[in-house]
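Single-letter residue listing:
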Amino acid sequence: AEGLSYKVDPWRTEDTQREAVFLALHVIDWGQTRHIAKHPEQFHESWNKILSRNPSVAEVNRYFVLTGLAHVGIAYILPHAWRKPFQYVSITISGAAVVNNFHLGIIVDF
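For clarity, every value in this text was computed on a predicted model and none was experimentally measured.

(A) Geometry of the packing of aromatic side chains. As enumerated under the stated definition, the model contains four aromatic pairs in all. Between the aromatic rings of tryptophan 30 and phenylalanine 64, the centroid separation amounts to 6.2 Å while the plane-to-plane angle is 5°, which identifies the pairing as stacked. One end of the pair, tryptophan 30, is in helix α1 (residues 13-38); the other, phenylalanine 64, is in helix α2 (residues 57-77), and 34 residues separate them in sequence. For tryptophan 30, a relative accessible area of 19% puts it in the buried group. On the basis of relative accessibility, which here comes to 3%, the residue phenylalanine 64 falls in the buried class. Through successive ring pairs, a cluster of aromatic residues spans Trp30, Tyr63, Phe64 and Phe110.

(B) Looking closely at the side chain of serine 90. Its place among the elements puts serine 90 in helix α3 (residues 80-103). In this structure, serine 90 is in contact with Phe22 and His71, ignoring residues within four places of it in sequence.

(C) Quick look at the nonpolar core. Formed by Trp30, Ala37, Leu51, Val60, Tyr63 and Phe64, the largest nonpolar core amounts to six residues. Take this core: its biggest share by element is three residues, from α2. The residues contacting alanine 37, other than those within four sequence positions of it, are Pro55, Ser56, Val57 and Val60.

(D) Quick peek at the layout of surface pockets. Taken as a whole, the largest pocket encloses approximately 510 Å³ of empty space. In this structure, the largest pocket is lined by 25 residues; those nearest its centre are Asp29, Asn48, Tyr63, Ile93 and Ala97. Listing elements by their share of the lining of the largest pocket, those giving two or more residues are α1, α2 and α3. Among the elements that make up the lining of the largest pocket, the one with the highest residue count is α3 (six residues). The residue makeup of the lining of the largest pocket, split by class, is 12 nonpolar, 10 polar and three charged.

(E) Local environment of the packing of α1 against α2. Across the interface, α1 lies against α2 with an axial gap of 9 Å and an inter-helix angle of 165°. Relative to α2, the element α1 lies roughly antiparallel. Note that α1 runs across α2; the crossing there is right-handed. Between α1 and α2, the residues in contact are Glu19, Phe22, Leu23, His26, Asp29, Trp30, Thr33, Arg34, Ala37 and Lys38 and Val57, Val60, Asn61, Phe64, Val65, Thr67, Gly68, His71, Val72 and Ala75, respectively. Partitioning the contact of α1 with α2 into residue classes produces 10 nonpolar, six polar and four charged.

Rules used throughout
- Residues numbered from 1 in each chain as written.
- Predicted model: local features only at pLDDT ≥ 70, side-chain atom pairs only at ≥ 80, totals over all residues.
- Heavy atoms only, no water.
- Phe/Tyr/Trp six-rings, centres within 6.5 Å; stacked < 30°, edge-to-face > 60°.
- Helix = DSSP H or I, 4+ residues; strand = E, 2+ residues; numbered from the N terminus.
- Buried < 20%, exposed > 50% of the residue type's maximum accessible area, 1.4 Å probe, protein only.
- Contact = heavy atoms within 4.5 Å.
- Core = buried A, V, L, I, M, F, W, Y, C linked by side-chain atoms within 4.5 Å.
- 1 Å grid on protein atoms, 1.4 Å probe; cavity = no way out; pocket = protein on both sides within 12 Å on 5 of 7 lines; lining within 4 Å.
- Points joined across faces, edges and corners; volume = space filled by probe spheres on them.
- Nonpolar A, V, L, I, M, F, W, Y, C, P; charged D, E, K, R; others polar.
- Axes fitted to C-alpha atoms, helices over the stretch in contact; angles between N-to-C directions.
- Parallel < 35°, antiparallel > 145°, perpendicular 65-115°, else oblique.
- Left-handed = near helix turned anticlockwise from the far one by under 90°.

Here you go:
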């Protein structure tokens with residue numbers, strides 16, 4: 001019996017550039033969310049519906065490592081026609097969260 005095969009679209013330089021922008025924003029958001037976790041008396045998580053209102057630093061770390069890795073994997077296997085929109089939507093959402101956090105006075109805290 002023949003197994004199913006799936007041909008992944010070639011990864012392009014622009015895919016790497018978009019993924020790098022997303023990952024940079026993801027790491028900034030990670031640091032900001034760590035600050036939220038370290039200061040529950042001052043801040044609470046409101047954007048992320050997976051994390052609790054007051055997540056622990058360990059929960060934040062686990063979430064951001066797993067979602068960062070998952071994002072790279074998903075972007076890699078998506079057909080090129082879907083990869084680009086996926087990355088741009090992710091960049092927009094992460095960028096909005098980072099900007100909102102900065103406006104609230106939330107710093108990057110590693």
